[in-house]
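These are the residues of each chain, in order.
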Amino acid sequence: MNNWHVTRSPHTVDMIVQLPVEGQMALLNLIDALETDPYTVTEPYGIDDKITRQALFGGYGLAVLIVNAITQRITLLSLTWTG
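Please read these numbers as outputs of a predicted model, since none were measured by experiment.

Caption draft 1: Summary view of the nonpolar core. Formed by 19 residues in total, the largest nonpolar core has its most connected members in L27, L30, F57, A63, L65, L76 and L79. Mapped by element, the contributors of at least two residues to this core are α1 (10–17), α2 (21–36), β3 (52–57), β4 (61–68) and β5 (73–81). The leading source of residues in this core is α2, at 5 residues. Sequence-distant contacts of F57, defined by excluding residues within four places in its chain, comprise L19, G23, A26, L27, L30, L62, A63, L79, T80 and W81.

What follows is the structure, given as structure tokens:
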């Protein structure tokens, strides 16, 4: 059983509330998928080190994140919404 968890720090919450409602809803779907298996819904961001990853969400969003396989924590570094 995986125990993946997206860190919900004040910085993460601030990034999420700055998204439009459509982006927030799409991001919640992405977070659900990340907490199931982050490697199936992301791809490498730059060099494939299995740590720094990126994921598309909602057709207009890009999330850059860190995946720590040891602690099973996922940290959102940035969110971009172009819609």
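Caption draft 2: Main features of the side chain of R53. Here R53 shows up in strand β3. Classification of R53 as buried rests on a relative accessible area of 4%. Here T42 takes part through its side chain, which lies 2.9 Å from a polar atom of the side chain of R53. The residues contacting R53, other than those within four sequence positions of it, are Y39, T42, E43, P44, Y45, D48, A63, V64, L65 and V67.

What counts and what doesn't
Residues numbered from 1 in each chain as written. Predicted model: local features only at pLDDT ≥ 70, side-chain atom pairs only at ≥ 80, totals over all residues. Heavy atoms only, no water. Core = buried A, V, L, I, M, F, W, Y, C linked by side-chain atoms within 4.5 Å. Buried < 20%, exposed > 50% of the residue type's maximum accessible area, 1.4 Å probe, protein only. Helix = DSSP H or I, 4+ residues; strand = E, 2+ residues; numbered from the N terminus. Contact = heavy atoms within 4.5 Å. Polar contact = N/O pair within 3.5 Å; in protein donor to acceptor, adjacent residues only side chain to side chain.

Shape is all these values report; function is a separate question.
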